[in-house]
Amino acid sequence: LAKQVTLIECIGRGKYGEVWRGHWHGESIAVKIFFSRDEESWKRETEIYSTVLLRHENILGFIGSDMTSRNSCTQLWLMTHYYPLGSLFDHLNRNALSHNDMIWICLSIANGLVHLHTEIFGTEGKPAMAHRDLKSKNILVTSNGTCVIADFGLAVTHSHVTGQLDLGHNPKVGTKRYMAPEVLDDGIDMECFEALRRTDIYAFGLVLWEVCRRTISCGIAEEYKVPFYDVVPMDPSFEDMRKVVCTDNYRPSIPNRWSSDPLLAGMSKLMKECWHQNPNVRLPALRIKKTIHKLASADEKIR
Ligand SMILES: Cc1cccc(C2=C(c3ccc4ncccc4n3)CNN2)n1
């Protein structure tokens with residue numbers, strides 16, 4: 001498979017390796033090339049995409065995985081669909097959003113998260129999963145303005161059928177900036193799958209804040225900022241985040257203008273429940289999806 005791919009340009013670089021735009025069968029694809037030291041992430045993502053039926057309109061479209069030896073070193077490849085608009089992080093930096101744009105983005109991510117978190121029984125089924133590294137850089141924007149969730153190197157699966165909780169063997173932890181308080185103060189029960197799902201909901205709350213800042217109301221929108229831009233440095237340490245998120249219980253601030261816009265006011269109430277310090281207060285993904293749906297239909301009536 002890899003031999004049929006022509007690499008065109010490097011479009012991203014991370015701790016894991018690089019993402020390239022490639023050419024395959026006359027179309028653009030995305031190729032993630034892992035550093036050989038990060039074989040665990042490659043194995044984990046391959047496992048996740050291949051063993052469990054993860055196909056869904058709001059999950060990154062997987063093409064295949066391959067191992068090649070190029071000039072005597074092993075290269076680990078994962079290939080997926082190519083999304084010209086890039087990541088949600090890129091998209092938000094480039095564009096302010098209409099109410100409609102924002103609803104499509106938030107609803108599609110919530111939809112992807114519901115699919116991820118939900119166990120589907122039967123032969124065509126899938127175990128429930130927790131992502132564990134949700135953030136705007138790991139979400140891609142499709143050409144019709146909906147989103148897909150990417151980066152399953154840290155994902156955990158749980159099946160009621162087998163009762164098995166598969167943590168994988170990836171010692172890596174998620175992105176510190178998006179870590180839930182219980183992860184930062186080590187209060188999380190890593191054996192409890194529900195607890196891991198709740199850390200995804202916390203991160204999703206932060207993504208909602210990033211998106212809403214860029215949503216126009218009365219002709220204005222805030223500039224793009226990463227969560228906690230105002231209280232921690234770039235590449236914050238574990239300690240930086242623990243002080244802010246656990247000790248100070250600080251959360252991203254809600255701009256005043258949002259309270260005079262029913263949709264943004266509703267979204268701010270939702271994100272506060274998502275990033276609540278008490279994991280039990282956070283809403284399940286399905287509840288979040290329904291709430292966004294309700295806010296959206298109310299918005300339609302106004303227009
Ligand atoms: C498993 C896999 C393969 C290739 C890329 C990715 C990936 C990303 C990706 C995927 C498609 C893209 N299309 C266009 C621009 C950036 C992209 N990034 C972002 N994080 N991971 N994942």
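Refer to the preceding data block for the structure.
For every chain, the first residue of its written sequence is number 1, and the numbers climb from 1 along that sequence. With the structure being a predicted model, the display of local features is reserved for residues of pLDDT at least 70 and the display and counting of side-chain atom pairs for 80 or more, all residues being used for whole-chain, interface and lining totals. Values shown for side chains rest on all heavy atoms present in the structure; no hydrogens or waters enter the calculation.

Regarding the layout of surface pockets
- When its volume is computed, the largest pocket comes out at roughly 1600 Å³.
- If you trace the largest pocket, you find 49 residues lining it, with Arg13, Tyr16, Lys135, Lys137 and Asn138 closest to the centre.
- Any residue that is not Ala, Val, Leu, Ile, Met, Phe, Trp, Tyr, Cys, Pro, Asp, Glu, Lys or Arg is counted as polar, Gly included; the first ten are nonpolar and the last four charged. Split by residue class, the lining of the largest pocket holds 25 nonpolar, 11 polar and 13 charged.
- Here a cavity denotes a set of grid points, spaced 1 Å apart and computed over the protein atoms alone, in which a 1.4 Å probe fits but from which it cannot get out, and a pocket denotes an open set meeting protein on both sides within 12 Å along at least five of seven lines; residues with an atom within 4 Å of a point are reported as lining. Grid points are joined across faces, edges and corners, and a volume is the space filled by probe spheres set on the points. Its boundaries defined by the atoms lining it, the second largest pocket holds a volume of some 310 Å³.
- In terms of lining residues, the second largest pocket is bounded by 19 residues, among which Arg132, Gly174, Met179, Val183 and Thr199 are the most central.
- Think of it this way: any DSSP run of H or I at least four residues long counts as a helix, any run of E at least two long counts as a strand, and we number them from the N terminus. Those elements that provide at least two residues to the lining of the second largest pocket are α4 (181–184) and α5 (193–213).

Here we look at the environment of Pro227
- Within the fold, Pro227 resides in the loop between α5 and α6 (238–247).
- Residue burial is assigned from relative accessible area. The probe radius is 1.4 Å, only protein chains are included, and a residue is buried under 20% of its type maximum, exposed over 50%, and partly exposed in between. Using a relative accessible area of 0% as the deciding quantity, one classes Pro227 as buried.
- In this structure, the C-alpha to C-alpha distance between Pro227 and Ser98, residues 129 residues apart in sequence, is 21 Å.
- Contacts are assigned to residue pairs that have any heavy atoms within 4.5 Å of one another. Look past the residues within four positions of Pro227 in its chain and what remains in contact with it is Arg177, Tyr178, Leu206, Trp209 and Glu210.

A short note on the sheet that holds strand β10 (residues 165–166)
- Pairing between strands is defined by DSSP: at least two bridges between them are needed. With respect to topology, 3 strands assemble into an open sheet ordered β6-β9-β10, the strand pairing being antiparallel. At either margin of the open sheet sits one strand with a lone partner, and together these are β6 (128–130) and β10.
- Axis definition: a line fitted to C-alpha atoms, over the contacting stretch in the case of helices. Angles run 0 to 180 degrees between N-to-C directions. Packed on one face of the sheet, α5 meets β6, β9 (156–158) and β10 and runs near 55° to β6.

Quick notes on the pairing of strand β2 (residues 17–24)
- Among the 8 residues that make up β2, 6 are buried, leaving the element largely enclosed by the rest of the structure.
- Where strand β1 (residues 6–13) meets β2, 6 bridges bridge the pair, whose relative direction is antiparallel. Within the sheet, the bridge partner assigned to Gly12 lies in β2 and is Val19.
- Linking β1 back to β2 in an antiparallel pair, the connection comprises 3 residues.
- Here β2 runs beside strand β3 (residues 27–34); their pairing, made up of 8 bridges, is antiparallel. In the strand pairing of β3, His23 is matched with Ser28.
- Connecting β2 to the antiparallel partner β3 that follows it, the hairpin turn spans 2 residues, and His25 within it adopts a positive phi of roughly 50°.

Things to note about the packing of aromatic side chains
- Ring pairs shown here join Phe, Tyr and Trp side chains whose ring centres sit within 6.5 Å, with only the six-membered ring taken for Trp; geometry is labelled stacked below 30 degrees between planes, edge-to-face above 60, and tilted in between. Evaluation of the coordinates by the stated rule reveals 6 aromatic pairs.
- For the pair Phe228 and Tyr250, a centre-to-centre distance of 6.3 Å together with 50° between the ring planes defines the contact as tilted. Of the two residues, Phe228 is situated in the loop between α5 and α6 and Tyr250 in the loop between α6 and α7 (262–274); the sequence distance between them amounts to 22 residues.
- On the basis of relative accessibility, which here comes to 1%, the residue Phe228 falls in the buried class.
- Ring pairing ties together the aromatic residues Tyr49, Phe62 and Phe152, which thus form one cluster.
- Only Lys NZ and Arg CZ are tested; either one counts as a charge over a ring when it is within 6 Å of the ring centre and within 35 degrees of the ring normal. A cation sits over an aromatic face here: Lys32 above Tyr16, 4.7 Å from the ring centre.
- When the ring centre of Phe89 is taken as origin, the NZ or CZ atom of Lys137, which lies over that ring, is 4.6 Å away.

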